[in-house]
There are 2 protein chains.
Amino acid sequence: MVGKPQHITIAFDVMGSDHGPAEVVRGAAQLSLESPHIHALLVGDRPVIDEALAGIKHNGERISVHHAGDFVGMDEKPGEALARKPESSVAVAARLVAEGEAHALVSAGNTGAGVLACKRHFQLIPGVRRAALATVYPTRGVRGAKQDPFSLILDVGATVEATAEDLVAFAVMGSAYARIISRNERPKVALLSNGVEPQKGPPRVVEAHQRLSQMPGLNFTGNVEGIDIPRGTVDVIVTDGFVGNVCLKMLEGVHDTVMELAQYAYKESLRWRAGLAMLSSGIERLKDITDWEQYGGAPILGFDRIFIKAHGRSRARAIANAGKVAAKAVANELGTAIQEGLAK
Amino acid sequence: MVGKPQHITIAFDVMGSDHGPAEVVRGAAQLSLESPHIHALLVGDRPVIDEALAGIKHNGERISVHHAGDFVGMDEKPGEALARKPESSVAVAARLVAEGEAHALVSAGNTGAGVLACKRHFQLIPGVRRAALATVYPTRGVRGAKQDPFSLILDVGATVEATAEDLVAFAVMGSAYARIISRNERPKVALLSNGVEPQKGPPRVVEAHQRLSQMPGLNFTGNVEGIDIPRGTVDVIVTDGFVGNVCLKMLEGVHDTVMELAQYAYKESLRWRAGLAMLSSGIERLKDITDWEQYGGAPILGFDRIFIKAHGRSRARAIANAGKVAAKAVANELGTAIQEGLAK
């Protein structure tokens, strides 16, 4: 485990995101101007990075470059691509983190390749059998010292199936992350099920419920149902990667569908149409806010090193935010917090 | 299996719904005026039913009453309640259907008690190991001869876990129901998974995918993801009862949450507030339309007899609609269609 450093180095996988390497470089440049305690190690095609850096304001003392001659494209199959491209930027960046050249990894590229690179180069925290991909999403409720409107849900796709033991580890990891990143002292943690009663759900969920109830270090509030996901009833929702992935993708569809439904239902109403027109700019902004991955990215939890997966569509601001979240997780020793939580 | 009858008798469980027996009686009374081919057999407290009937317009030749001295309340535990109350209206109504006194059952009471009463009194169709609760919900797309905006999803909670074999049976049952009720000749059927590729998902989903691909009688289009649920990409979405229940409850939360999010995000914008105010009556109507259980209720599929579970909050119109849907399923021999689909 990396100790608590004074200065934190974040390795940025510069290649393979939707808006190209220059956008990631712009994010790192912003970070170099805003965050004196963070050093950005840019991993990718050196000429491309140098050219991007040359054109923008940045603090050269807080940025360095490590060349990687290849990269994994957004639509490539992760396993095949990593096997064929050992010098791809995400693999090199993960290796640099594993070797102690950087404290954490940020990538806006292919999610599967990022997770796989971590699996190959990082170690699972003792007590964790599988890493989980977590994501924050906006809710009505606010929580913690930051009055954060976001809840965390995990796993949303690093695994497919999960045992009771995995679900317990996910709960501990999610709780530690919410505590450290959202400054929420006692995050409410719940299991997603088909009813609030402890005996509801498949055997793995029922067993995880029993185990979590006996963990005094955790603020486990029991089961929640699907309706509680958008409501934001709790701070951390725990489920397996299959269900989490389905829920996450349903959330992504919420905005479009409600507007489409509204138009379908009220196409004859002038009053309704006028209201919709007045809302149209607001609706665009609502779309932005429901695109929660803009807000610091999705952490992969369970490894001894930290990986923040920024959305493929991330702009410079989101990349800089992901770097700050990664640094915060490092500074507050997220890995140690998870390990201690599991030991209790 | 009940043959194709000229006149169809629907047993209505009159007791235990949110708006009381008189509302269910009003629904049956409407039906008696509108549908000459349907006979309503009202099962419940005879004095209460008689009093309700006395005050409203109805066709007495198309309504009869069967007394049941007890009923299961909405918050009672289904198993315990049915054991304690063998003469509860839902149990008596299911028994009457099993004995051939009526062709199908409609209830707006306790869902679990309804499913359990069917399990006790009806037979599973050969080839079906578990019955499934299906529900329609509104989407943007329209489908079938009726230009129906609704998709069907099953199972949404009759089971918790499902094998590949169960998922295949659910697909056949959902397809038959959509064909008969929505008059959609070749309903598109898909499996819910965490990716569209055939190998995505837990083993049961992967295996079900393989099997469904080999069924020529079925219009199986492969896997869909969570985002496709609100989009209405396909006509029938197949999943296990745990995942289906979570998704259904997330859909229920869509309306409230989007409006809450909007208010959270734009509370400072006067323009946005004005737009919201203009939409407020429309939003109430949107809420109605997203309360899709108003539209004919949720069928329990897989038994030799038909059970339509109307929403607990059903008004008379929804009860009458549930009766019409049940009669349509009987007239078109839904059970036979399912059995034939499974044999292919």
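Residues numbered from 1 in each chain as written. Chains lettered and ligands numbered in written order. Predicted model: local features only at pLDDT ≥ 70, side-chain atom pairs only at ≥ 80, totals over all residues. Heavy atoms only, no water.

Per an unreviewed UniProt entry, chain A is named Phosphate acyltransferase, and its organism is Corallococcus exercitus. Regarding chain A, the UniProt comment filed under Function (unreviewed entry) reads as follows: "Catalyzes the reversible formation of acyl-phosphate (acyl-PO(4)) from acyl-[acyl-carrier-protein] (acyl-ACP). This enzyme utilizes acyl-ACP as fatty acyl donor, but not acyl-CoA." A UniProt comment under Pathway (unreviewed entry) is attached to chain A, and it reads "Lipid metabolism; phospholipid metabolism." (UniProt positions renumbered as here; feature names shortened; annotations may be inferred.)

Asker: Mind laying out the overall build of chain A, listing which residues take part and the relevant values?
Answerer: Looking only at helices and strands, one finds 12 helices and 11 strands in chain A. The proportion of buried residues among the 344 residues of chain A is 60%. Contacts spanning at least 24 positions in sequence make up 72% of the contacts within chain A whose residues lie at least 6 apart. Carbon together with sulfur atoms contributes 49% to the accessible area of chain A, which is approximately 13400 Å² in total. (Helix = DSSP H or I, 4+ residues; strand = E, 2+ residues; numbered from the N terminus. Buried < 20%, exposed > 50% of the residue type's maximum accessible area, 1.4 Å probe, protein only. Contact = heavy atoms within 4.5 Å. Areas by Shrake-Rupley, 256 points an atom, 1.4 Å probe, with all protein chains shown as cover.)

Asker: Account for the side chain of Ser89(B), naming residues and giving values.
Answerer: If you trace the backbone, Ser89(B) turns up in helix H4 (residues 89–98). Here Ser89(B) is in contact with Asp13(B), Met15(B), Val43(B), Gly44(B), Ala68(B), Asp70(B) and Phe71(B), once residues within four sequence places are set aside.

Asker: Account for the pattern of salt bridges, naming residues and giving values.
Answerer: For side chains bearing opposite charge, pairing can occur when the charged atoms are close. Per the stated rule, a full pass over the model turns up 28 salt bridges over all chains. Between Lys324(B) and Glu34(B) there is a salt bridge, and its shortest N-O distance comes to 2.8 Å. Here the residue Lys324(B) occupies a position in helix H11 (residues 316–331), and Glu34(B) occupies one in helix H1 (residues 21–34), the gap between them amounting to 290 residues. Between Glu76(B) and Lys85(B) there is a salt bridge whose closest N-O contact spans 2.7 Å. Among the residues examined, Glu76(B) registers a relative accessible area of 22% and is labelled partly exposed. We classify Lys85(B) as buried; its relative accessible area is 12%. Each member of the salt-bridge network shares a partner with another, and the members are Glu23(A), Arg26(A) and Arg315(A). (Salt bridge = Lys/Arg side-chain N within 4 Å of Asp/Glu carboxyl O.)

Asker: Outline helix H4 (residues 89–98) of chain A, supporting the account with residue identities and numerical values.
Answerer: Residue and element names in this part refer to chain A. Where burial is concerned, most of H4 is hidden: 8 out of the 10 residues are buried. Every buried residue belonging to H4 is among Ser89, Val90, Ala91, Val92, Ala93, Ala94, Leu96 and Val97, and all of these are buried. For H4, the secondary structure elements touched by its buried residues are strand S1 (8–13), strand S2 (38–44), strand S3 (63–67), helix H3 (78–84), strand S4 (104–107) and helix H5 (111–121). Note on H4: the residue one or two positions beyond its end, Gly100, has a positive phi of about 90 degrees.

Asker: Pulling in residues and values, what's your account of the packing of aromatic side chains?
Answerer: Residue and element names in this part refer to chain A. Within this structure, the stated rule accounts for 2 aromatic pairs over all chains. Aromatic side chains Phe122 and Phe303 sit 6.0 Å apart centroid to centroid with 80 degrees between the ring planes, which places their arrangement in the edge-to-face category. Placement of the pair is Phe122 in the loop between H5 and strand S5 (132–143) and Phe303 in the loop between strand S10 (298–301) and strand S11 (306–309), with a sequence separation of 181 residues. The pair formed by Phe122 and Phe303 is uniform in burial state, with each residue classed as buried. (Phe/Tyr/Trp six-rings, centres within 6.5 Å; stacked < 30°, edge-to-face > 60°.)

Asker: Can you explain the side chain of Ser32(B)? Please cite residues and give values.
Answerer: By secondary structure assignment, the location of Ser32(B) is in helix H1. Apart from residues lying up to four places away in sequence, Ser32(B) is in contact with His58(B), Asn59(B), Arg62(B) and Ile63(B).

Asker: Give a description of the nonpolar core that names residues and reports values.
Answerer: Leu42(A) and Leu42(B) are the most contacted members of the largest nonpolar core, which has 220 residues in total. Here Leu42(B) is in contact with Phe12(B), Val14(B), Val25(B), Ala28(B), Ile49(B), Leu53(B), Ile63(B), Ser64(B), Val65(B) and His66(B), once residues within four sequence places are set aside. (Core = buried A, V, L, I, M, F, W, Y, C linked by side-chain atoms within 4.5 Å.)

Asker: Which residues make up the state of the cysteines, and what are the values?
Answerer: Put plainly, two cysteines are in a disulfide when a covalent bond ties their sulfur atoms together. In total, this model carries 0 disulfides over all chains according to the counting rule given. Of the cysteine sulfurs around Cys247(A), a residue in no disulfide, the closest is that of Cys247(B), at 5.8 Å. With relative accessibility at 1%, the residue Cys247(A) sits in the buried group. (Disulfide = S-S within 2.5 Å.)

Asker: Please provide a residue-by-residue account of the packing of helix H1 (residues 21–34) of chain A against helix H11 (residues 316–331) of chain A, values included.
Answerer: Residues and elements named next belong to chain A. Packing of H1 against H11 leaves a shortest axis separation of 7 Å and a crossing angle of 55 degrees. The angle between the axes of H1 and H11 places the two elements in the oblique class. For the element pair H1 and H11, the recorded crossing hand is right-handed. Every residue of H11 that contacts H1 at Glu23, Val24, Arg26, Gly27, Ala28, Gln30, Leu31 and Glu34 is listed here: Ala316, Arg317, Ile319, Ala320, Gly323 and Lys324. (Axes fitted to C-alpha atoms, helices over the stretch in contact; angles between N-to-C directions. Parallel < 35°, antiparallel > 145°, perpendicular 65-115°, else oblique. Left-handed = near helix turned anticlockwise from the far one by under 90°.)

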